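# Examining the three-dimensional arrangement
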Amino acid sequence: MARALMIQGAGSDVGKSLIVAGLARAFVRRGLRVLPFKPQNMSNNAAVTVDGGEIGRAQALQALAAGVEPHTDMNPVLLKPETDVGAQVIVQGKRIATARAREYAAMKPSLMGAVLESFERLKARADLVLVEGAGSPAEVNLRNADIANMGFARKADVPVVLVGDIDRGGVIAQLVGIKAVIDPDDAAMIQGFVINKFRGDPTLFDDGYKLIEKKTAWRGFGVLPWFARAGELPAEDALGLSDARKPGQCKIACLALSRIANFDDLDPLKLEPGVDLVMVRPGEAIPGDVRLVIIPGSKSTRGDLAFLRAQGWDIDLLAHHRRGGQVLGLCGGYQMLGRSVTDPDGIEGPAGDTPGLGLLDVETVMSSEKTLTRVAAVHAATDQPIEAYEIHIGRTDGPDRARPFAKLNGEPEGAISRDGRVQGSYLHGLFTSDEFRKAFLAKLDIPAGDEPYHARVESALDALADHIEGHLDVEGLLALARQSLGQARPFGFAARKSEA
């Protein structure tokens, strides 16, 4: 039976995901079979798994760091926000409901069974399970039904290390304050802490580090300096999207939609030396000198169509097209480019019909059936292979489908406008295919680099593991991991599933 260790955070975006990925790579290099696990995640950046489900992108990256295929057990509960108050609920890879925040709070106790069931299966296959928390255990108002942090740690008997982000300031108060506000039995699960994202001379924090140890009675496992290559690894949170600006290079713009999804499609372009990737934020105009505008995926196509128009981006897109510019829509962005998006059953919100941008002669009808699969396609214009995945609802058809973006099992995929300057596709992750990416950029007169994308990600993961090995007590963290005593019990969702 595997040992387990849980990495929780003093807040969101403190670096838990990357620390788990770096530790996974470090422990794999010691000859251990490591599997990542996150009980509950909230992200619209999802990955398709080997068993045909979906999980958070961070767990897919952690699986890559561990040298294993991503599996739905690695993230048994995934929430995909569709509105400010509601989200799609994915359990063990499959959508079971769309729920508002209060409705989901009532559902959570029944989901602990599925969480523990997945955790037990991972333990049976691993030497070590590295668990990532969500948000912060300081959110004591959510503790009663918690399945993501201390609720899971207590139920599964997994020791916890808490990560604080010093770059934001206030890290002493964050860590000491958590000890003060959480239940004493929860606090007893926390065995130590890590200070992350330090810039400058770490010895200047010696007194603060000792103060945290004294006030909490938790062991410090080290101060981790800022990892400069973090931007080369896929980000899970849209808040982490940043402009990798390269002035003087060819501009490609991407619209930062309110419900942007699967934005890791942009990662290979961001790393291209000849590309200046511009994230167009709300309230900003699309620059007039871009070669290509990308409308990315969205968790709420009709909602983001309204958002896009509210920013005036529809007018900018038409002007860009009139100037001879190119437009690429991916998944939800592809649907927006058509004449209309119809949702007769209210799958994404109130039932109805929304006019599209009209740049492609196609129409989309939403349905409850979800396409969720890995695919191998061929780019129609260049005959270059594309390794990708589909994760969408809705069917798109119309005259422009006669000019497909790609061929998928011999069938047309996507659409291209009559003038060839507007393209749409349901293929996610397409730019990770090096030869396709080079050919696509060449048609925009943009030179591509020589380094394969996956090789660069692997290099960054190795560098992350080296970085962690050099600054944290990795052997101490491994020694802290223990065999958990908690066992999955047949209640809640797991029980209903087995009875069905």
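Residues numbered from 1 in each chain as written. Predicted model: local features only at pLDDT ≥ 70, side-chain atom pairs only at ≥ 80, totals over all residues. Heavy atoms only, no water.

The secondary structure content of the protein amounts to 15 helices and 27 strands. The C-alpha atoms of the protein give a radius of gyration of 23 Å, which matches the 23 Å a tight globule of 500 residues would have. Projecting the C-alpha coordinates of the protein onto the three principal axes gives extents of approximately 65 × 55 × 40 Å. Taking all 500 residues of the protein together, the buried fraction comes to 60%. Of the accessible surface of the protein, which amounts to about 19300 Å², a share of 52% is contributed by carbon and sulfur atoms. (Helix = DSSP H or I, 4+ residues; strand = E, 2+ residues; numbered from the N terminus. Rg over C-alpha atoms; globule rule 2.2 N^0.38 Å. Buried < 20%, exposed > 50% of the residue type's maximum accessible area, 1.4 Å probe, protein only. Areas by Shrake-Rupley, 256 points an atom, 1.4 Å probe, with all protein chains shown as cover.)

Take the nonpolar core next. Phe152 and Ile195 are the most contacted members of the largest nonpolar core, which has 90 residues in total. Examining the composition of this core, we find that nine residues originate from one element, helix H3 (residues 101-125), more than from any other. Aside from chain neighbours lying at most four places away, what touches isoleucine 195 is Gly164, Ile166, Val171, Leu175, Phe205, Tyr209, Ile212, Gly222, Val223 and Leu224. Core analysis: the second largest hydrophobic core is formed by 31 residues, Val293, Leu305, Val362 and Ala415 among them. (Core = buried A, V, L, I, M, F, W, Y, C linked by side-chain atoms within 4.5 Å. Contact = heavy atoms within 4.5 Å.)

Two faces make up the sheet, and in a regular strand the side chains alternate between them. Inspection of the sheet shows strand S21 (residues 363-379) paired to strand S22 (residues 385-397) by twelve bridges, in the antiparallel sense. By the bridge assignment for S22, glutamate 363 is matched with aspartate 397. (Pairing = 2+ DSSP bridges.)

The next thing to look at is the sheet that holds strand S26 (residues 422-425). One open sheet holds the six strands; their spatial order is S15-S13-S16-S18-S26-S25, and the pairing between them is mixed. Among the strands making up the open sheet, the edge pair consists of strand S15 (275-280) and strand S25 (415-416). Contacting strand S13 (250-255), S15, strand S16 (292-295), strand S18 (326-330) and S26, helix H10 (residues 313-322) runs over the sheet at an angle of about 145° to S16. (Axes fitted to C-alpha atoms, helices over the stretch in contact; angles between N-to-C directions.)

With a phi angle near 50°, asparagine 262 is a residue other than glycine that sits in the positive phi range. Inspection of the secondary structure assignment puts asparagine 262 in the loop between strand S14 (260-261) and helix H8 (267-270). When its relative accessible area of 5% is taken as the criterion, asparagine 262 is described as buried. Located in the positive-phi region is aspartate 383, a residue other than glycine, with phi close to 65°. Here aspartate 383 lies in the loop between S21 and S22. A relative accessible area of 61% means that aspartate 383 is categorised as exposed.

Now for H10. By the criterion of burial, H10 is predominantly enclosed, with seven of the ten residues buried. On the buried face of H10, the contacting elements are S13, S15, S16, helix H9 (301-310), S18 and S26. At the exit of H10 stands glycine 324, carrying a positive phi of roughly 95°.

Attention now moves to the sheet that holds strand S3 (residues 40-42). An order of S3-S6-S7-S8 is seen for the four strands of this open sheet, with the pairing classed as mixed. If you trace the sheet from one side to the other, it starts and ends with S3 and strand S8 (94-100), each paired once. Ignoring strand direction, the axes of neighbouring strands in this sheet form an average angle of 25°. Bridging between strand S6 (residues 77-81) and strand S7 (residues 86-91) involves five bridges; their strand directions are antiparallel. Across the sheet, the residue bridging to proline 81 is alanine 87, located in S7.

One pass over the structure, following the stated rule, counts 35 salt bridges. A salt bridge links arginine 29 to aspartate 462, with the nearest nitrogen and oxygen atoms 3.8 Å apart. Taken as a pair, arginine 29 in the loop between helix H1 (16-28) and strand S2 (34-37) and aspartate 462 in helix H13 (residues 453-471) lie far apart in primary sequence, 433 residues in all. The exposure class assigned to arginine 29 is partly exposed, which follows from its relative accessible area of 41%. (Salt bridge = Lys/Arg side-chain N within 4 Å of Asp/Glu carboxyl O.)

Okay, the environment of leucine 444 next. Locating leucine 444 in the fold gives a position in the loop between helix H12 (434-442) and H13. Sequence separation between leucine 444 and glycine 424 is 20 residues, and the spatial gap between their C-alpha atoms is 16 Å.

This brings us to the packing of aromatic side chains. Counted by the stated rule, this structure contains eleven aromatic pairs. Taken together, a centroid distance of 5.3 Å and an interplanar angle of 70° make the contact between phenylalanine 431 and phenylalanine 440 edge-to-face. Put simply, the rings of Phe405, Phe431, Phe436 and Phe440 pair up and form one aromatic cluster. Taking NZ or CZ as reference, arginine 199 lies 3.6 Å from the ring centre of tryptophan 226, over its face. (Phe/Tyr/Trp six-rings, centres within 6.5 Å; stacked < 30°, edge-to-face > 60°. Lys NZ or Arg CZ within 6 Å of the ring centre and 35° of its normal.)

With that settled, the discussion passes to the packing of helix H5 (residues 171-181) against helix H7 (residues 206-216). Direction vectors running N to C along H5 and H7 enclose 5°, while the axes themselves pass 9 Å from each other. With respect to H7, the axis of H5 lies roughly parallel. Contact with H5, carried on its side by Ile172, Leu175, Val176 and Lys179, involves Gly208, Leu211, Ile212, Lys215 and Thr216 of H7 and no other residues of that element. A per-class count over the contact of H5 with H7 returns five nonpolar, two polar and two charged. (Parallel < 35°, antiparallel > 145°, perpendicular 65-115°, else oblique. Nonpolar A, V, L, I, M, F, W, Y, C, P; charged D, E, K, R; others polar.)

Moving on: the state of the cysteines. This model, assessed by the stated rule, comprises zero disulfides. Cysteine 250 takes part in no disulfide bond, and the closest cysteine sulfur to it belongs to cysteine 254, at a distance of 17 Å. (Disulfide = S-S within 2.5 Å.)

Let us look at the packing of H9 against H10. At a minimum axis distance of 5 Å, the contact between H9 and H10 shows a crossing angle of 75°. Accordingly, the angle class assigned to the pair H9 and H10 is roughly perpendicular. Across the interface between the two elements, Phe307, Leu308 and Arg309 from H9 touch Trp313, Asp314 and Leu317 from H10. Broken down by class, the residue content of the contact of H9 with H10 amounts to four nonpolar, no polar and two charged.

It is worth spelling out the pairing of strand S1 (residues 3-9) at this point. Of all seven residues that make up S1, six are buried, and the element is covered over most of its length. Summarising the sheet, S1 and strand S9 (residues 128-132) pair through five bridges and their orientation is parallel. Paired with arginine 3 across the two strands is leucine 128, which belongs to S9.

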